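# Commentary on secondary and tertiary structure
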Amino acid sequence: MSARAASRLETLGFRQVYRYQAGKADWFAAGLPREGREAQTPRMADVARRDVPTCRLEEPVGAVRDRVRDGNWDVCVAVDQQRVVLGLVQAETLGTHAGTPVEEVMQPDPLTFRPNLAIGEMPDYLKKRRIPRALVTTSDGVLIGLLRIADVERRPGQAGD
Amino acid sequence: MVTRIDRHEVQKMLAAGAQLVEVLPDKEYEAEHLPGAVNMPLKTLGRQTRRELDPSRPVIVYCHDYQ
């Protein structure tokens, strides 16, 4: 639809017409601001913990272990220089030899959700699959934060209140 | 010639004063839209659009996705 609109504007004499082809689905999936009647609906990005620890593939497990424990976390997210998610390191794997690189112990395919997804029924979805947490990333795979089911349930209006 | 841009370029152009237009029907716009966007559904674009938008400034149009 935006392609036709852009062409129509050109026929009307507009000389500087640009088309944001990926549209608002892409904008919202990147966790960018929104306006409108439903703009205040709680989304994944609103609950995700942005201070989740991160690490690099080549980092030794020993260094990551200290960082995770110091912050009372039970996971660490492996990312590249652009914060694109490459894997998830679970606390139970951090008992490995301290010199082992992260890429040998990480889960390479962690579950991710887009930040614009409404929280809604998410706790039930995760509970049924026995998933205590999930990563929230942009459509480009860039880490936004970690969603923990316990954090979702603590929100007003969610199950358990 | 229409230029395709991504969201990073959208942000830069908006900061530089570009106009942003959502061409979806008004109900979809009212539910959610990009900050600062005006709503001009495709079917409403016509000669009067030259009065509603500034032809001397860049115009960015978008809909939901790659439609």
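For clarity, every value in this text was computed on a predicted model and none was experimentally measured.

Calculation criteria
- Residues numbered from 1 in each chain as written.
- Chains lettered and ligands numbered in written order.
- Predicted model: local features only at pLDDT ≥ 70, side-chain atom pairs only at ≥ 80, totals over all residues.
- Helix = DSSP H or I, 4+ residues; strand = E, 2+ residues; numbered from the N terminus.
- Buried ≥ 20, exposed ≤ 12 C-beta atoms within 10 Å, placed from the backbone.
- Contact = placed C-beta atoms within 7 Å.
- Pairing = 2+ DSSP bridges.
- Nonpolar A, V, L, I, M, F, W, Y, C, P; charged D, E, K, R; others polar.
- Right-handed = clockwise from strand over helix to strand, strands pointing away.
- Arc of directions from axis to C-beta.
- Core = buried A, V, L, I, M, F, W, Y, C linked by C-beta atoms within 7 Å.
- Domains from an automatic or database assignment.

### Points about the overall build of chain B
Scanning chain B from N- to C-terminus turns up 3 helices and 4 strands. Taken from N to C terminus, the helices and strands of chain B fall in the order β-α-β-α-β-α-β. Considering chain B as a whole, with its 67 residues, one finds that 31% of them fall into the buried category. Here the contacts in chain B between residues at least 6 apart in sequence split such that 49% fall between residues at least 24 apart.

### Here's the deal with the sheet that holds strand S6 (residues 133-137) of chain A
With respect to topology, 3 strands assemble into an open sheet ordered S5-S6-S7 (chain A), the strand pairing being mixed. Two strands lie at the open edges of the sheet, namely strand S5 (112-113) and strand S7 (143-148) of chain A, each paired on one side alone.

### With respect to the interface of chain A and chain B
Contact residues are listed per partner, giving 32 residues for chain A and 33 residues for chain B. Looking at the side of chain A that touches chain B, the elements with two or more residues in it are helix H1 (2-11), strand S1 (17-20) and helix H2 (23-29) of chain A. Ranked by the residues each element gives to the side of chain A that touches chain B, the list is headed by H1 of chain A, at 8 residues. Residue composition of the side of chain A that touches chain B, grouped by class: 15 nonpolar, 7 polar and 10 charged.

### Here's the deal with the pairing of strand S2 (residues 19-22) of chain B
All names here are of chain B. The side-chain alternation of S2 yields two buried faces, one formed by Gln19 and Val21 and the other by Leu20 and Glu22. Judged from the 4 bridges that link them, S2 and strand S4 (residues 59-62) form a sheet pairing that is parallel. Across the sheet, the residue bridging to Glu22 is Tyr62, located in S4. Pairing geometry for S2 and strand S3 (residues 38-39), over 2 bridges, is parallel. For Glu22, the partnering residue across the bridge sits in S3 and is Asn39. Handedness of the β-α-β unit built from S2, helix H2 (residues 26-31) and S3 comes out right-handed.

### Digging into H1 of chain A
Turning to H1 of chain A, its buried residues number three or more, namely Ser2, Ala5, Ala6 and Leu9 of chain A. Relative to the axis of H1 of chain A, the buried residues are bounded by an arc of 100° and lie together on one face. If you follow the buried residues of H1 of chain A, they end up packed against S1 and H2 of chain A together with S4 of chain B. A positive phi of about 100° marks Gly13 of chain A, the residue just after H1 of chain A.

### Considerations on the nonpolar core
Residues and elements named next belong to chain A. Counting 30 residues, the largest nonpolar core has Ala48, Val64, Val77, Val89, Leu135 and Leu147 as its most contacted members. When residues of this core are traced back to their parent elements, those giving at least two are helix H3 (44-47), helix H4 (61-70), strand S3 (75-79), strand S4 (85-90), helix H5 (122-128), S6, S7 and helix H6 (149-153). Setting aside chain neighbours within four positions, we find Leu135 in contact with Val77, Val85, Leu88, Pro110, Leu111, Thr112, Leu143 and Leu146.

### A look at the sheet that holds S4 of chain B
Strand order in the open sheet formed by 5 strands is S1(B)-S1(A)-S4(B)-S2(B)-S3(B), and the pairing between neighbours is parallel. In this open sheet, the two strands that pair with only one neighbour each are strand S1 (3-5) and S3 of chain B.

### Let's talk about the domain arrangement of chain A
Residues and elements named next belong to chain A. Partitioning chain A into structural domains gives domain 1 (1-30) and domain 2 (36-153). Averaged C-alpha coordinates put domain 1 and domain 2 at centres separated by 34 Å. At the interface, 4 residues of domain 1 touch 5 residues of domain 2. Classifying every residue of the side of domain 1 that touches domain 2 by side-chain character gives 3 nonpolar, no polar and 1 charged.

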